[in-house]
Amino acid sequence: MAETLLAVNGLTKHFGGVYANRDVSFEVGRGEIVGLIGPNGAGKTTLFNLVTGFIRPDAGTVRFAGADVTGLRPDRLCHLGVARTFQILKPFPRLTVAENVMIGALARGGGIAHARDTARRCLALVGLDHKGGMLARGLSTGQRKRLEMARALATSPQLLLLDEITGGVDQASIPGLIALVGRLREEGVTLLVIEHNMRVIMGLADRVVFLHLGEKLAEGAPQAIATHRDVVALYLGRQDAGH
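Please read all numbers here as calculations on a predicted model, not as lab measurements. Position labels on residues start from 1 in each chain and follow its written sequence. With pLDDT at 70 or above as the cut-off, local features in this predicted model cover only qualifying residues; side-chain atom pairs require 80 or more to be listed or tallied, and sums for whole chains, interfaces and linings still use all residues. Excluded from the side-chain calculations are hydrogens and water; all other atoms, namely the structure's heavy atoms, are used.

*Asks:* Looking at this structure, how should I read the sheet that holds strand β6 (residues 82–84)?
*Replies:* Hydrogen bonds between backbone groups are what pair the strands of a sheet, and the pairing can be parallel or antiparallel. Criterion used throughout: strands pair if DSSP finds at least two bridges between them. We count a stretch as a helix when DSSP gives it H or I for four or more residues in a row; a strand needs E for two or more, and each element gets its number in order from the N terminus. Spatial ordering of the open sheet is given by β6-β7-β8-β3-β9-β10, a layout of six strands whose pairing is mixed. Looking at strand neighbours, the two that pair on one side only are β6 and β10 (215–220), the edges of this open sheet. Adjacent strand axes in the sheet meet at a mean angle of 20 degrees when their direction is disregarded. Direction of pairing for strand β3 (residues 33–37) relative to strand β9 (residues 207–212): parallel, over a ladder of four bridges. An axis is simply a line fitted to the C-alpha atoms; with a helix, the fit covers only the stretch in contact. Between two such axes, the angle follows the N-to-C directions and lies from 0 to 180 degrees.

This is the structure we're talking about:
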């Protein structure tokens, strides 16, 4: 396995008597794409929120590039090289596409000229360079997904967490988004990806972590996870259990 970039150990978060995550542990190696799957309510987005500092864990640790970053604020994690996208897309609608990405660049410091150059490069990477002058509110869902990625990439992350990259996207746009994730890895970005579409995750991920009711029930290569008894019964559907 490659050098460990992210190490989650015993991560636990509860809201009242309900555990959103309970004792979750796994690692992501530098240069890997790791998929995070599970039914609705499995705790996937809560785990993203814990890793990226939007909420603090009740127990457990998060280590990034060897340092304990448990509970650090999102802005501090951004400066260390951790970025994320969100399932609910909220671009700044009255700003242009390029201006949205410039905000990401400015979060890491530097002047307007540098932010403009960074935005141009990131938009070209995600295939939106021709939309830079357009208001963000005019983008389709698939284009907003790409804009969200570009804005995160503008912070120069080492680790990028992608939340539902194909959610709400028309089928014709999915292959392009899959190819884009592959290009991000080629750019040197390590990826942790929440994705409900098993065909997508099978084609993207080096390893897959399966969560159910906040707990990790399985981890392994995509093909092994796709045929794992618990994954089939709890996620893929009992009707597939005999196949």
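*Asks:* Teacher, can you tell me more about the nonpolar core here?
*Replies:* When a protein is soluble and globular, its nonpolar side chains tend to lie buried together. Ranked by internal contacts, the top residues of the largest apolar core, which has 47 residues, are Ile37, Met149, Leu160 and Leu191. With six residues, helix α4 (residues 112–126) is the single largest residue contributor to this core. In what follows, a contact means two residues having at least one pair of non-hydrogen atoms within 4.5 Å. Apart from residues no more than four positions distant in its own chain, Leu191 is found in contact with Val28, Glu32, Ile33, Val34, Leu159, Leu160, Leu162, Val181, Leu184 and Arg185. Counting residues in each nonpolar core, the second largest holds 26 residues, with Val8, Phe26, Val62 and Val82 among its members. Nonpolar cores are built from buried Ala, Val, Leu, Ile, Met, Phe, Trp, Tyr and Cys residues. Side-chain atoms within 4.5 Å join them into one set. When accessible area is computed with a 1.4 Å probe and restricted to protein chains, residues below 20% of their type maximum are described as buried, those above 50% as exposed, and intermediate ones as partly exposed.

*Asks:* How do you make sense of α4 when you look at a structure like this?
*Replies:* Structural remark: α-helix, 3.6 residues per turn; residues separated by three or four positions point the same way. Taking 1.5 Å per residue as the helical rise, α4 with its 15 residues ought to reach 21 Å, and the 21 Å between its terminal C-alpha atoms agrees with that figure. Looking at the buried side of α4, the elements it contacts are α3 (97–106), α5 (141–153) and α6 (174–186). Of the residues flanking the end of α4, it is Gly127, one or two places downstream, whose phi is positive at about 80 degrees. What a helix is expected to span follows from its residue count: subtract one and scale by 1.5 Å.

*Asks:* Help me out: how do you make sense of unusual backbone geometry in this one?
*Replies:* Negative phi is the rule for most residues except glycine; trans is the rule for most peptide bonds. Despite not being glycine, Ala65 has its phi angle at roughly 55 degrees, a positive value. With respect to the helices and strands, Ala65 occurs in the loop between β4 (59–64) and β5 (67–68).

*Asks:* What is the right way to look at the packing of α3 against α4 in this model?
*Replies:* To characterise two packed helices, one gives the angle between the axes of the helices and the distance between these axes. Interhelical geometry of α3 versus α4 gives an angle of 115 degrees and a closest axis separation of 8 Å. The hand of the α3/α4 crossing is right-handed. Only Ile112, Ala115, Arg116, Thr118, Ala119, Cys122 and Leu123 of α4 make contact with α3, whose side of the interface consists of Val97, Ala98, Val101, Met102, Ala105 and Leu106. We call Asp, Glu, Lys and Arg charged. Ala, Val, Leu, Ile, Met, Phe, Trp, Tyr, Cys and Pro are nonpolar, and the rest, Gly among them, are polar. Considering only residue class, the contact of α3 with α4 consists of eleven nonpolar, one polar and one charged. Rotating anticlockwise by less than a right angle from the far helix to the near helix defines a left-handed crossing, while the corresponding clockwise rotation defines a right-handed one.

*Asks:* Any chance you could explain the pattern of salt bridges here in plain terms?
*Replies:* Where charged atoms of side chains with opposite charge meet at close range, the side chains can pair. Each salt bridge in this description consists of a side-chain nitrogen of Lys or Arg and a carboxyl oxygen of Asp or Glu lying within 4 Å of one another. According to the stated counting rule, one finds eleven salt bridges in the structure shown. When the shortest N-O distance is used, the salt bridge between Asp117 and Arg120 registers 2.9 Å. Of this pair, Asp117 and Arg120 both sit in helix α4, three residues apart, which is roughly one turn of the helix. Relative accessible area serves as the criterion here: at 44%, Asp117 is assigned to the partly exposed category.

*Asks:* Can you walk me through the pairing of β9 in this structure?
*Replies:* Look at any regular strand and the pattern is simple: side chains alternate between the two faces of the sheet. Summarising burial for β9: six of the six residues are buried, a large majority. Neither face of β9 is exposed, since Arg207, Val209 and Leu211 on one face and Val208, Phe210 and His212 on the opposite face are all buried. As consecutive antiparallel partners, β9 and β10 are separated by two residues, and within that stretch Leu213 has a phi angle of approximately 50 degrees, a positive value.

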